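The lines below spell out each chain.
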Amino acid sequence: MRTTQLYAPTLRETPAEAEVVSQKLMLRAGMIRKAAGGIYTYLPLAWRTLKKIEQIIREEMDEAGGQEISMPIVQPSELWKETGRWAVYGEEMFRLKDRHDREFCLGPTHEEMVTSLVRDEVRSYKQLPLMLYQIQNKYRDEIRPRFGLMRGREFIMQDLYSFDKDEAGLNVSYQKMYDAYSRIFTRCGLQFRPVEADNGAIGGGHSHEFTVLADAGESNIVYCTACDYAASDEKAELKPVEAAAEEMQPLETIATPGMKTIELVAESLHVPFEKTIKAVAFQNEKDEVVLAFVRGDHDVNEVKLQNLTGALTLRMADDAAIQAVGGVPGFMSPIGIKKGTQIVVDATVMGMYNAVAGANAMDAHYKNVNPKRDFIEVTAADIRLIKDGDPCPHCGAPVKMTRGIEAGQVFTLGTKYTEALHATFLDENGKEKPLVMGCYGIGVSRTMAAAIEQNNDEQGIIWPRAIAPFEVVVVPVNAKVPEQLALAETIYAALKGAGVDVLLDDRKERAGVKFKDADLIGYPVRITVGPKAVEENIIEVRTRRTGNTQNFTPDDYLDEVLALLKTL
Ligand SMILES: [Zn+2]
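Cut-offs and rules
- Residues numbered from 1 in each chain as written.
- Predicted model: local features only at pLDDT ≥ 70, side-chain atom pairs only at ≥ 80, totals over all residues.
- Heavy atoms only, no water.
- Domains from an automatic or database assignment.
- Contact = heavy atoms within 4.5 Å.
- Buried area = accessible area lost by both parts, 1.4 Å probe.
- Salt bridge = Lys/Arg side-chain N within 4 Å of Asp/Glu carboxyl O.
- Nonpolar A, V, L, I, M, F, W, Y, C, P; charged D, E, K, R; others polar.
- Helix = DSSP H or I, 4+ residues; strand = E, 2+ residues; numbered from the N terminus.
- Buried < 20%, exposed > 50% of the residue type's maximum accessible area, 1.4 Å probe, protein only.
- Axes fitted to C-alpha atoms, helices over the stretch in contact; angles between N-to-C directions.
- Parallel < 35°, antiparallel > 145°, perpendicular 65-115°, else oblique.
- Left-handed = near helix turned anticlockwise from the far one by under 90°.
- Pairing = 2+ DSSP bridges.
- Arc of directions from axis to C-beta.

### Overview of the domain arrangement of the chain
Thinking step 1. Each assigned domain of the chain is listed with its residue range as follows: domain 1 (15–236 + 401–452), domain 2 (252–381) and domain 3 (470–566).
Thinking step 2. On a C-alpha basis, the centroid separation for the pair domain 1 and domain 2 is 40 Å.
Thinking step 3. With five residues of domain 1 at the contact, the number on the domain 2 side is four residues.
Thinking step 4. Across the domain 1/domain 2 interface, buried area totals approximately 320 Å², and carbon plus sulfur atoms make up 40% of it.
Thinking step 5. Between the two partners, domain 1 and domain 2, sit zero salt bridges.
Thinking step 6. Here the residues of the side of domain 1 that touches domain 2 are counted per class, giving one nonpolar, no polar and four charged.

In structure tokens:
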């Protein structure tokens, strides 16, 4: 491909609409253009990258036993009504009607569609396991589409659905997909972690998110510095911190005028945080009060608290609600709270001795609180949010926190959809059973954006070679000089002949413009053919990621470039 034939309108200025780096760089590099909020056109450079990501996915899916199909984007409402999701999906679903007033949606996902496909055809255990996948556009009418391709309303996804005869089979399929997804992200050249995910909403079984590490990521994840444990912060389990045993002292009330936060109390009483108990009051969707207590230096993990208490939602409680259960806002402990109130105390707190906690009286705290002795009718559980340096739940080594972008997810679904849609088969004994299902997805356009979020600098994108729109750009410094252009053409042809995905920047632009564009678009290798090439037989090979340049002659560069590409 030659740049004079490539439609890649680059921009010098960053468009005002861009919120995140990937969106900014893709707009500037002439890769995408916005059509409407969260809906984009992919220009040739983006399309090349997307096709490369898809090719890697296809190879790994086929290798793992998947079969590619294409299901309709336009889906009839009847299927969704069978599973009850037509009603619960809400505003996020793009809905439409045909000329006969029949209702349809633009597929946000395809569990209903694929299950209806197999229920009519799969009859026997002999047809299992079955893994079907597709790569196509998905639609979600996000309330506020943001961050370019990271949270779009139309996006490209690969989704695979596995059908097995039992749980054991499902676990095999799940592991195959887990391994395939790991290989896909590795082959794409991305730093990622499969993390244990909370799947409260989908329910049942287990789930892992494949998170591409990037500072701009929306998810917080923790990973162990010693073993391979990784989890979202919401999911990460914690063992209680053991406090050194002490003799329990008698409870004492102390005046703490105006000290409504645990920080103020700890500071003015010269008590370490490890000796203080913090209260956080919530109200659930039924307006019931849920009181949570953690150590002064810890935070409440609201997802854990929600799962534990069965609340659908939790919000901060208002003062009137706290007072109604006998609590005094700012001076609260479980001691003196009305019977029947939901009180959840973190397991670490239960092991504390002679701590400071609120006295449920204005401007007063208790000294020598011993939860084992003083807290009655409370639920003790792990409700704390993991933080940097906490012990790994698997091996005890300190964990680190990082941010990431969720680019893929694997789920075990069990029989949720197959029961609702009556997708059954006959087992070895001729007994009718529902198919056991798993679902697996990669955001393809999101992976492209995540790759940029992870790999960029001041000048632009730094593509991992495997998914770069072109692996090498050959730049004649002055394309008006026939000798330079001729040599560049020769190098271009040789690289092409060697199977390299190469672009020749044959524009009659200034060298500075061509170099800037090459850095902005982020081709892994740039080969410069300038006056030195013609006069001294020297061509320059520059690596985008490191900025390193090496000089070669037109006779010896080829093997060197091929070897270099293997490392990028
Ligand atoms: Zn560990």
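So much for the structure itself; the text now carries on.
### Some thoughts on the environment of Met177
Thinking step 1. Within the element layout of this structure, Met177 appears in helix α6 (residues 167–187).
Thinking step 2. With a relative accessible area of 0%, Met177 lands in the buried category.
Thinking step 3. Every residue in contact with Met177, bar those within four places of it in the chain, is listed here: Met61, Ala64, Met131, Leu160, Val410 and Tyr440.

### Here we look at the packing of helix α2 (residues 44–63) against helix α13 (residues 444–454)
Thinking step 1. Here α2 crosses α13 at 115 degrees, and the two axes come no closer than 10 Å. Classified by the interaxial angle, the pair formed by α2 and α13 is roughly perpendicular. The chirality of how α2 crosses α13 is right-handed. Packed against α2, whose contacting residues are Ala46, Thr49, Leu50, Ile53, Glu54 and Ile57, the element α13 presents Val444, Ser445, Thr447 and Met448 at the interface.
Thinking step 2. Per-class residue counts for the contact of α2 with α13 are six nonpolar, three polar and one charged.

### Concerning the sheet that holds strand β18 (residues 355–361)
Thinking step 1. The strand order across the open sheet built from three strands is β13-β19-β18, with neighbouring strands paired in antiparallel fashion. Lying at the two open borders of the sheet, with one neighbouring strand each, are β13 (252–255) and β18. In this sheet, adjacent strand axes meet at a mean angle of 40 degrees when their direction is disregarded.

### Section: the sheet that holds strand β6 (residues 103–106)
Thinking step 1. Strands sit in the order β4-β6-β5 across an open sheet of three strands; the sheet is antiparallel. The open sheet is flanked by β4 (74–76) and β5 (94–97), the only strands paired with a single partner. Each strand of the sheet is rotated relative to its neighbour by a mean of 35 degrees, with strand direction disregarded.

### Description of helix α17 (residues 557–566)
An α-helical segment advances 3.6 residues per turn. Residues three or four places apart therefore align on the same side.
Thinking step 1. Turning to α17, its buried residues are Tyr557, Val561, Leu564 and Leu565. Each buried residue of α17 sits inside an arc of 100 degrees when the element is viewed along its axis, so together they form one side. The outward face of α17, more than 90 degrees from its buried face, is lined by the exposed residues Asp559 and Lys566.
Thinking step 2. Each element contacted by the buried residues of α17 is listed here: β27 (472–476), α14 (482–497), β29 (525–529), β30 (539–543) and β31 (549–552).

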